[in-house]
Protein chains: 2
Amino acid sequence: MKRYEQVAATLRQRIEQGRYRVGDRLPSIRTLCADLKISVSTAQEAYRRLEDAALIEARPKSGYYVLPRQVPEILPSMTRPAQRPLDVSQWDQVLELVGKPRDAEVLMLGRGIPDLESATLKPLSRSLASLHRRGDVHGLNYDSLTGSLALREQIVRLATASGCLMHPDDVLITTGCQEALAIAIRTLTSPGDVVAVDSPSFYGTMQILKANGLKALEIPTDPQTGISLEALELALEQWPIRAIQVTPTCNNPLGYTMPEPRKRALVALAQRFDVAIIEDDIYGDLSFTTPRPKTLKAFDDDGRVLLCSAFSKTLSPGLRVGWIAPGRYRDQVTHMKYVSTGASATLPQLAVAEFIAKGYYERHLREMVRQYQRNRDTLLGWIKAHFPDGTGVSYPQGGFLLWLELPAGVDCVRLNERLAPAHIRIAPGSLFSASGKYRHCLRLNYASPMTPRVVDAIRHVGATVTDMVAEAAELAVPGLSIPDLATPDQP
Amino acid sequence: MKRYEQVAATLRQRIEQGRYRVGDRLPSIRTLCADLKISVSTAQEAYRRLEDAALIEARPKSGYYVLPRQVPEILPSMTRPAQRPLDVSQWDQVLELVGKPRDAEVLMLGRGIPDLESATLKPLSRSLASLHRRGDVHGLNYDSLTGSLALREQIVRLATASGCLMHPDDVLITTGCQEALAIAIRTLTSPGDVVAVDSPSFYGTMQILKANGLKALEIPTDPQTGISLEALELALEQWPIRAIQVTPTCNNPLGYTMPEPRKRALVALAQRFDVAIIEDDIYGDLSFTTPRPKTLKAFDDDGRVLLCSAFSKTLSPGLRVGWIAPGRYRDQVTHMKYVSTGASATLPQLAVAEFIAKGYYERHLREMVRQYQRNRDTLLGWIKAHFPDGTGVSYPQGGFLLWLELPAGVDCVRLNERLAPAHIRIAPGSLFSASGKYRHCLRLNYASPMTPRVVDAIRHVGATVTDMVAEAAELAVPGLSIPDLATPDQP
């Protein structure tokens, strides 16, 4: 640990222990230097770290002050999906969100797009340009069906941070994480089969279930610790579940990371019932903790975890570079990859491999994690200021997505309609459920810099929600609670 | 028609009518100029056209001479696949062909890769490099789920040449033609369904059938006119066929283009039995005729043809830019596209759109068609010289693939094994059949320049085949014909 990191850690501890309280002024740079016998630049760097973590703020010509901690007062409640296998609906709503071409006019507050304007991404564009400029036959041709060895080697190297010891042959490159998830699901299932999922769950995966005629069994999920193992165990006893699909690290949309003992227990449960696990780790590298949390794959000693990921959230979604580590299903997954799109595009793989090998990836991650953590705290503050009391808010442990649970009765599909004239769109919670539950919830993105346009938008969303809560209360028959506006359960 | 094209057409007619015969010297440039009252450059250009078409050759200091026509003496026979629905096998063999990373040591004579070294491709690399250098947010982000409008507009413009009047909204961009075919097939079928295919048929499509639990019904196919409409009609009466999948233009592997009346009749047949057609047109733009032949889609007046294509054979397979015009199945295909890989990579689409818009695509096609036609004739000559009598050879009307039918008893999987020490690989015919028929056939690629290394390889393959024919004859019991070494038919 570097000196300024030690200093920052010491100060952080004092803040957390309450020796410095919210609003207190911290020692001046000069005092700090004298007290701790450090240089001015070390003191400055230590304070900058604390600023990045949104623990303190610098006030011009005054000094450094302890900021209020933005921990949500009300977390979303434990989810209670219909605990039986359901057909997946909601495609129309998903298409609304993902189908449109970009429109600079519209502020997309709900999409899962990272910040693409960071300077730390530039070497990637340079590398792509240089590879294409060469225009050699290699780049225009297919690479190996399983993907470029150079990239697979880098992925394996990075995976040690999440507790996985893999060989490059254990990894196949895919066209984004969506293809990884799609071929994993197709490998394991036949139409009519049941797949257990955490709930709410990424709509892209739900739509794969729909397209393959599968049924989703949504398992109650805790907004801080993830899928309920107790409910999952009961479901495994009751239903013929073919696979478990979860996003246990920096979950989309809830933001939690399952604690390690629960991850271990989840793998053990899958072993006991002899079921495969499809693990979506696409946000995992954006965890706010260092080192990043382990994957389920790290606890997988018999090859039943199919680990799916991509560089779409860490680098660029438009490159479509993803990967899968399919464990014991390697042969079938290779076949599915071939019939899905053949080999993936060559040069983006080589560019990403170069970006990682030269250390740019880890540098970029550090920068993004700082930015996203800061943005999370900023957004939490804005939500607290502008949304009605009783709004539940998730506390993401990584990534750039926030989940809001509004008072029951507020319909977020209608909220989107009411936001349309202001050119703002959120992601309604119903997208994240097979049957359209969570319609009173929504997902927000805090990846991009928190500009005045964003704060205005959040203020506007909050005001609209406040109006809708008031309207719902007027409509409600006294003594009757307002129901969750989910699509009616299927028979 | 330009003056030199008129002159070339006149001379070509005289050659075809026998007024100039093989080995004859044509009029000198000076004589031609005087006779036809044309300029020297026009005469030279006309002769160059005939050279490009492999009709004549220039002998230094002597003049222009009529070349022997390389029309195969024996065409492959009408195919006789098992006329009942079969499960698809052969994945191990396909993986052998497509799964390995490139190896500069090995001469891949069997793969469907175009020539990537043409100077006319350079503007594409330049455009890709320039788009990536900009490194703007747009390029790193998703484009529309259905693909870049700029590219869809160009595709629609080009499609008029094949008789299709489409709107950009009729087209979805895919990750190569493989994804287009895969989502078309998934849209139309459920596991256990039967799909009728021309036979031999592209192995990539056959493996999609396998991956989706479908059965292939291989229809007898004529090496010059394509799928037998008579056999197909009988099959439609007899079996519950869910879709017809064909490659009617510049067929892979047989090289034929179905005559237009037969294409029209095929669409009418599909209408009569209310079956959808999945049309693979990936080689269509490489037809040796101008204008290029019409697609089945051109005759499709009720939206039942799903036209699949890509720029993998015309430009570069490593870009993975394909497309589908799904007719009346647009909504389902859009869903399948989303769950398959999400939006396709952004910048390759923009680069291809620019390449077409600036006229580079048509220039590149002209150059490639000339080269491939010349190479075809060269390869036909070599086959004639080096392969045993009785070898049937296809006569491709476009593209860069040749199909050989060897004397029965020659096993091309074993041929590949025997070619391995010489670092040569061909594509065994059995890959192109659900049950591994056509094992005495093989596919060759003539895209790349016909270098001494290639002629040596062809000579070596021919000699090895000649040996194998002799060995098979020795083994054969007198009076007993040598059976087709197909995998035994399934029960």
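Residues numbered from 1 in each chain as written. Chains lettered and ligands numbered in written order. Predicted model: local features only at pLDDT ≥ 70, side-chain atom pairs only at ≥ 80, totals over all residues. Heavy atoms only, no water.

### Quick look at the overall build of chain A
Right, so step 1: Within chain A, the regular secondary structure consists of 16 helices and 17 strands.
Right, so step 2: Over its C-alpha atoms chain A spans a radius of gyration of 23 Å, differing by no more than 12% from the 23 Å that the globule rule assigns to 491 residues.
Right, so step 3: C-alpha atoms of chain A, sized along the principal axes, occupy 70 × 65 × 45 Å.
Right, so step 4: Put simply, chain A has 491 residues, and 62% of those count as buried.
Right, so step 5: Sequence separation of at least 24 residues holds for 76% of the intrachain contacts in chain A that already meet a minimum separation of 6.
Right, so step 6: For chain A, the computed accessible surface area is about 19,100 Å², with 51% contributed by carbon and sulfur atoms. (Helix = DSSP H or I, 4+ residues; strand = E, 2+ residues; numbered from the N terminus. Rg over C-alpha atoms; globule rule 2.2 N^0.38 Å. Buried < 20%, exposed > 50% of the residue type's maximum accessible area, 1.4 Å probe, protein only. Contact = heavy atoms within 4.5 Å. Areas by Shrake-Rupley, 256 points an atom, 1.4 Å probe, with all protein chains shown as cover.)

### Observations regarding helix α9 (residues 203-211) of chain A
Residue and element names in this part refer to chain A.
Right, so step 1: With eight of nine residues buried, α9 lies mostly within the body of the structure.
Right, so step 2: Listed as buried for α9 are Y203, G204, T205, M206, Q207, I208, L209 and A211.
Right, so step 3: Following α9 by one or two positions, G213 adopts a phi angle in the positive range, close to 65°.

### Some details on the packing of helix α5 (residues 122-134) of chain A against helix α5 (residues 122-134) of chain B
Right, so step 1: It is the contact of α5 of chain A with α5 of chain B, at a shortest axis distance of 8 Å, that shows an interaxial angle of 170°. Between α5 of chain A and α5 of chain B, the angle falls in the class roughly antiparallel. Contact residues: α5 of chain A offers S125, L128, A129, H132 and R133 of chain A, while α5 of chain B offers S125, L128, A129, H132 and R133 of chain B.
Right, so step 2: Class assignment for the residues of the contact of α5 of chain A with α5 of chain B results in four nonpolar, four polar and two charged. (Axes fitted to C-alpha atoms, helices over the stretch in contact; angles between N-to-C directions. Parallel < 35°, antiparallel > 145°, perpendicular 65-115°, else oblique. Nonpolar A, V, L, I, M, F, W, Y, C, P; charged D, E, K, R; others polar.)

### Describing the domain arrangement of chain A
Right, so step 1: Under the domain assignment used here, chain A contains domain 1 (3-66), domain 2 (91-115 + 364-475) and domain 3 (120-360).
Right, so step 2: Spacing between the C-alpha centres of domain 1 of chain A and domain 3 of chain A amounts to 39 Å. (Domains from an automatic or database assignment.)

### Side note on the nonpolar core
Right, so step 1: Ranked by internal contacts, the top residues of the largest apolar core, which has 290 residues, are L109, F311 and L444 of chain A together with L109, F311 and L444 of chain B.
Right, so step 2: The residues touching F311 of chain A, leaving out its near neighbours within four places in the chain, are L151, I155, S316, V321, W323, V352, I356 and Y361 of chain A. (Core = buried A, V, L, I, M, F, W, Y, C linked by side-chain atoms within 4.5 Å.)

### Quick notes on the interface of chain B and chain A
Right, so step 1: Chain B puts 59 residues into the contact, and the matching count from chain A is 59 residues.
Right, so step 2: Buried surface at the junction of chain B and chain A, summed over both partners, amounts to about 5,000 Å²; 63% is from carbon and sulfur atoms.
Right, so step 3: Ranking the residues of chain B by area buried against chain A places L140, Y142 and Y338 of chain B at the top, with a combined share of 16%.
Right, so step 4: At the boundary of chain B and chain A, one finds zero salt bridges.
Right, so step 5: In this structure, the connection of chain B to chain A is made through 15 residue pairs in polar contact (both at pLDDT 80 or more).
Right, so step 6: Breaking the side of chain B that touches chain A down by element, the ones donating at least two residues are α4 (91-98), α5, α6 (137-140), α8 (176-188), α9 (203-211) and α12 (330-341) of chain B.
Right, so step 7: Ranked by residues supplied to the side of chain B that touches chain A, first place goes to α12 of chain B with seven residues.
Right, so step 8: A per-class count over the side of chain B that touches chain A returns 27 nonpolar, 21 polar and eleven charged. (Buried area = accessible area lost by both parts, 1.4 Å probe. Salt bridge = Lys/Arg side-chain N within 4 Å of Asp/Glu carboxyl O. Polar contact = N/O pair within 3.5 Å; in protein donor to acceptor, adjacent residues only side chain to side chain.)

### Thoughts on the pattern of salt bridges
Right, so step 1: For the structure on display, the rule yields 49 salt bridges over all chains.
Right, so step 2: In this structure, the salt-bridge partner of E45 of chain A is R48 of chain A, at a minimum N-O distance of 2.8 Å. Note that E45 of chain A and R48 of chain A are positioned in helix α3 (residues 40-52) at a spacing of three residues, about one turn of the helix.
Right, so step 3: Judged by relative accessible area, which is 47%, R48 of chain A ranks as partly exposed.
Right, so step 4: In this structure, R304 of chain B engages D274 of chain B in a salt bridge whose closest nitrogen and oxygen atoms are separated by 3.2 Å.

### Quick look at the environment of T42 of chain A
All names here are of chain A.
Right, so step 1: Along the chain, the position of T42 falls in helix α3.
Right, so step 2: Residue classification places T42 among the buried residues on the basis of a relative accessible area of 15%.
Right, so step 3: C-alpha separation for the pair T42 and R3, spaced 39 residues apart in sequence, amounts to 7.0 Å.

### Remarks on the side chain of N416 of chain A
Residues and elements named next belong to chain A.
Right, so step 1: In this fold, N416 is placed in helix α15 (residues 412-419).
Right, so step 2: Judged by its relative accessible area of 6%, N416 falls in the buried class.
Right, so step 3: A polar side-chain atom of N416 sits 2.9 Å from the main-chain amide nitrogen of I426.

### Some details on the sheet that holds strand β14 (residues 401-405) of chain B
Residues and elements named next belong to chain B.
Right, so step 1: Across the sheet, four strands lie side by side as β13-β14-β17-β16; this open sheet has antiparallel pairing. What marks the edges here is a single partner per strand, and that holds for β13 (392-393) and β16 (427-428).
Right, so step 2: Pairing analysis gives five bridges linking β14 to strand β17 (residues 441-445), with the strands arranged antiparallel. Paired with L402 across the two strands is L444, which belongs to β17. (Pairing = 2+ DSSP bridges.)

### Let's talk about the sheet that holds strand β6 (residues 215-219) of chain B
Strand pairing in a sheet is mediated by backbone hydrogen bonds. Such pairs are either parallel or antiparallel.
Residues and elements named next belong to chain B.
Right, so step 1: Pairing is mixed in the open sheet, where seven strands are placed in the order β4-β12-β11-β10-β9-β5-β6. One side of each edge strand has no neighbouring strand; the edge strands of this open sheet are β4 (172-174) and β6. Each neighbouring strand pair of the sheet contributes to a mean axis angle of 25°, computed without reference to strand direction.
Right, so step 2: Bridge count between strand β10 (residues 276-280) and strand β11 (residues 305-310): four bridges; the pairing is parallel. Directly across from D280, in β11, lies its bridge partner C308.

### Topic: the confidence of the model for chain A
All names here are of chain A.
Right, so step 1: Looking at chain A as a whole, the pLDDT averages 92, with 97% of positions reaching at least 70.
Right, so step 2: This stretch, residues 482-491, has a pLDDT under 50; its non-local contacts, to residues over four places away or in other chains, come to 25 contacts.
Right, so step 3: Reported confidence for the predicted complex is 0.86 by ipTM and 0.87 by pTM. (pLDDT = per-residue confidence, 0-100.)

### Comments concerning the relation of the copies chain B and chain A
The operation relating the pair of chain copies consists of a rotation about an axis and a translation along that axis.
Right, so step 1: Turning chain B through 180° and shifting it by 0.0 Å along the axis lays it on chain A, with an RMSD of 0.2 Å. On this basis, the relationship between the two copies can be described by a two-fold rotation axis. When each C-alpha of chain B is compared by its distance to the rotation axis, A129 of chain B comes out closest, at 2.0 Å.
Right, so step 2: With an isologous cut-off of 70% or more, the 100% of interface residues of chain B that recur at the interface of chain A puts this contact in the isologous class. (Least-squares fit on C-alpha atoms with pLDDT ≥ 70 in both.)

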